[in-house]
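As a plain string of letters, each chain reads:
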Amino acid sequence: MRITVNVNGDDHTREVEPRHLLVRFLRDDLELTGTHWGCDTSNCGTCVVLMDGEPVKSCTVLAVMAAGHEIRTVEDLADGDQLDPVQQGFIEQHGLQCGFCTPGMMLTGRALLDRNPDPSEQEIREAISGQLCRCTGYLNIVKSIQWAARNRAEADGVTETAGSQT
Amino acid sequence: MQVPASFDYQRAESVDEALELLRRYGEEARVVAGGHSLLPMMKLRLAAPEVLVDINDLHELDHIVLVGDELRVGALTRHRTLLESELVGRYFPIVHDAEKVIADPPVRNRGTIGGSLCQADPSEDLSAVCGALHAHAVIRGAGGERIVSMADFHQGPYETAVGVGEMLTEVRLPVLPGAGSAYEKVERKAGDWAVAAAGVALTLREGRIADAGVGLAAVGAGALNLHAVQTLLNGSEPSEALYEEAGRVASDSCSPVTDGRGSAEYKRHLAGELTRRALRRAVARAGRPIGSTAREA
Ligand SMILES: Cc1cc2nc3c(=O)[nH]c(=O)nc-3n(C[C@H](O)[C@H](O)[C@H](O)COP(=O)(O)OP(=O)(O)OC[C@H]3O[C@@H](n4cnc5c(N)ncnc54)[C@H](O)[C@@H]3O)c2cc1C
Ligand code: FES
Ligand code: FES
C-alpha cells in the first residue's frame, strides 16, 4: 500500500507491504542507515527513533503505522555543520566507543532534554534504560547528556569550552 | 531478519468502523494497539492474522477520567500516560508502582492498557494490578456494550472474554474511601518481565481490612485474583502475623514453572514474600490522606 511518512521534516511517499517494519523503511527505502538495527526483538533499543517527538523502537513499529506521523532520525540532529549539543556532548565526554548504540542514545537524550532541560542523573539513567550499550558502561553516555544539558544555550553564546571535564 | 507473514492492514477511524472491520474479517482479524506484544509474536510467526485493524487513531479510547466513584481508563491509554497521570497516582499508587517497572521508556511510549489486558499473558503486570483492584472491563460489539469483572475477563493464558467482532474499549477502576494499594516486582534487569510480582489493594474500615484484592504475575495462570488470600484478609486487623499467613497462602495458591527467570521454588518463595511486602505498603498507604504516597521514596 501507498504511505506517506514525514521523516526529518520531509514527506516521503513509498509503496510498501503492510508487514514492512519502520526500521527497514528508514534504512532500505530511504537509505537513512544512521538508524541501527540489532536484536530485532524490541530489547536492545539500537533502532530507537523519535515518533512525534518520543523514542520508539522502530523494529517494533510497522511502516504503515508510522504513516501520517513525524519521524526523526539521527541524520536530523545536526543543523548543517552545527552539531546538536547532544552530539557535541558525546564527543566531549567520550560517550561512544563502537558507536552501535549511539544514534538511539543521542535521540533519547534529545527527546529527554526537549521535555526536561535539566534532568537529574537518575532521570537520564531511566530515560536510556531501554537501550543497551556493550562498550561504555553507560557512565560516559550519562555524562554526555549532562554536558548537553549544561550547554543547551549554545545558541545564546554560553557554550562551555570544548574539552572541559566537570 | 524477522518478518511477519503477509497480512492486510486497515486503519480504523472510529470505534464503529473498527468493530465493523472485526466483524467482517472474523477470526482472521486482530486489533493492533501498541503492537509491542502482537508484532513480536507475528515476527516469530507465533501469530499470523490475515488482517490487522489499527486502532491508534481512535483518540476517544485514550482518556483517563473520574466519573462518580470510578476512574475510567480508555483501552488505548499508553503505559507512559498512566505513569504520568496525577489522577492515577493519587487514587491508585499500585498502578504507578507497576508502571515504573513495566518494560522501558520506549516500550511504554507504545504499549497500552488494553493491549496488556487483551494479551492475557500471565506475566503481564497490569493484569495482576487490575485483578487486585477488582477492575471492570467494558467490551463493545455489534450488540452494544457489556461490562465484565476482571475475574471473568481473564479466562486463561492468552484467552479473554473479548469475542470475535468485539473489542475492549475501557477499563474501570473502583475508587474506594480509605483505600491503599501497592505493587512489588522482582526482575532480572531493568525493563524485564517479572520473575514474580504481587499486587495488593484494600481498604481499611475501623481498623479492619475490607475489599481486599491480591493479584500475582508470572507465577502461572489463575493467580491474577487470589480468592484464598482475599478471604483471609477481609475482616482481619493488619498485623505481621496476618501478613505472614497471607504470604504463605499466596505461595501455596500459585503454580509457577521453572524457566530462564528462575526455579519454580524460587518463584513460589517470591510470591509469598512479595505479597507480604505489598500488603505492608498497601496498609500503610490506606492510613494516609489521598495523594500523600507521591512523596514516598
Ligand atoms: C521489550 C519488552 C518488554 C516488556 N516488558 C513488560 C513488562 O515488564 N511487564 C509487562 O506487563 N509487559 C511488558 N511488555 C509488554 C508491553 O507492556 C506491551 O506493550 C503490552 O503487553 C501490550 O500492549 P500493546 O498495546 O502493545 O498491545 P498489542 O501488541 O497491540 O496487542 C496485544 C494483544 O491485544 C489485542 N488488543 C489490543 N488492544 C485491544 C483492544 N482494545 N481490544 C481487543 N483486543 C485488543 C491484540 O489484538 C493482541 O492480541 C514488554 C514488551 C516488550 C516489547
Ligand atoms: S533492533 Fe529494535 S530493539 Fe533491538
Ligand atoms: S558504544 Fe558500542 S554499543 Fe554503545
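As the structure is a prediction and not an experimental result, all values here were calculated from the model. As a convention, each chain's residues are numbered from 1 in the sequence order in which they are written. Chain letters start at A and ligand numbers start at 1, both assigned in the order the entries are written. Since the coordinates come from a predicted model, pLDDT governs what is reported: local features require at least 70, and pairs of side-chain atoms require 80 or more to be given and counted, while whole-chain, interface and lining totals use all residues. Calculation of side-chain values draws on the structure's entire complement of heavy atoms; hydrogens and water are dropped beforehand.

**Topic: the nonpolar core**
Among the nonpolar cores identified, the biggest contains 38 residues, and F92, L117 and L173 of chain B are the most heavily contacted of them. The element contributing the most residues to this core is helix α8 (residues 125-132) of chain B, with five residues. Two domains share this core, each providing at least three of its residues, namely domain 2 (61-174) and domain 3 (179-288) of chain B. Among all residues touching F92 of chain B, those that are not within four sequence positions of it are L71, L133, L173, P174, V175 and S181 of chain B. Residues enter a nonpolar core if they are buried and are Ala, Val, Leu, Ile, Met, Phe, Trp, Tyr or Cys, with the set joined through side-chain atoms within 4.5 Å. Three exposure classes are used, based on accessible area relative to the maximum for each residue type with a 1.4 Å probe and protein chains only: buried under 20%, partly exposed in between, and exposed over 50%. Core analysis: the second largest hydrophobic core is formed by 33 residues, V7, M51 and V64 of chain A together with M42 of chain B among them. For the purposes of this entry, the term helix denotes a DSSP run of H or I that reaches at least four residues, the term strand denotes a run of E that reaches at least two, and both are numbered from the N terminus. Segment limits for the domains were obtained from an automatic or database-derived domain assignment. We call two residues in contact whenever any of their non-hydrogen atoms come within 4.5 Å of each other.

**Re the packing of helix α4 (residues 102-115) of chain A against helix α6 (residues 139-150) of chain A**
All names here are of chain A. Note on geometry: axes are C-alpha line fits, over the in-contact stretch for helices, and angles between N-to-C directions span 0 to 180 degrees. Axis separation between α4 and α6 bottoms out at 10 Å; the angle between their running directions is 40°. Considering their axes alone, α4 and α6 lie oblique with respect to each other. Remark: the crossing between α4 and α6 carries right-handed chirality. Along its contact with α4, which presents M105, G109 and L113, the element α6 presents I141, I145, A148 and A149. We call two directions roughly parallel when the angle between them is under 35 degrees, roughly antiparallel when it is over 145, roughly perpendicular when it lies between 65 and 115, and oblique otherwise. Rotating anticlockwise by less than a right angle from the far helix to the near helix defines a left-handed crossing, while the corresponding clockwise rotation defines a right-handed one.

**Some points on the interface of chain A and chain B**
If you look at the interface, chain A gives 31 residues, while chain B gives 29 residues. Both faces considered, chain A and chain B share a buried interface measuring about 2400 Å² in area, 58% of it formed by carbon and sulfur atoms. The largest share of the area that chain A buries against chain B comes from R19, T60 and M65 of chain A, three residues that together contribute 27% of it. Salt bridges are defined as contacts in which a side-chain nitrogen from Lys or Arg sits within 4 Å of a carboxyl oxygen from Asp or Glu. One can count four salt bridges joining chain A with chain B. A 3.5 Å cut-off defines polar contacts: any pair of N or O atoms within that distance qualifies, except that in protein one atom must be a possible hydrogen donor and the other a possible acceptor, and neighbouring residues in sequence count only when both atoms are side-chain atoms. For the pair chain A and chain B, the number of links is ten residue pairs in polar contact (both at pLDDT 80 or more). Mapped by element, the contributors of at least two residues to the side of chain A that touches chain B are β3 (48-51), β4 (54-57), α2 (63-66) and α5 (121-127) of chain A. With four residues, β4 of chain A is the single largest residue contributor to the side of chain A that touches chain B. Here the nonpolar group is Ala, Val, Leu, Ile, Met, Phe, Trp, Tyr, Cys and Pro; Asp, Glu, Lys and Arg are the charged ones; every other residue, Gly included, is treated as polar. The class makeup of the residues in the side of chain A that touches chain B is 16 nonpolar, seven polar and eight charged. Here the quantity called buried area is the accessible surface, traced with a 1.4 Å probe, that two parts lose on coming together, added over both.

**Focus: the domain arrangement of chain A**
All names here are of chain A. One can read the domain layout of chain A as domain 1 (2-76) and domain 2 (85-157). When each unit is reduced to the centre of its C-alpha atoms, the spacing between domain 1 and domain 2 is 21 Å. Residue-level contacts link 18 residues of domain 1 with 15 residues of domain 2. Buried area between domain 1 and domain 2, summed over both chains or domains, comes out near 1200 Å², and the portion from carbon and sulfur atoms is 62%. Inspection of the region where domain 1 meets domain 2 yields one salt bridge. A salt bridge links E54 to R115; its shortest N-O distance comes to 3.4 Å. Joining domain 1 to domain 2, the criterion identifies five residue pairs in polar contact (both at pLDDT 80 or more). Elements that contribute at least two residues to the side of domain 1 that touches domain 2 include exactly β3 and β4. Of the residues in the side of domain 1 that touches domain 2, the class split is seven nonpolar, eight polar and three charged.

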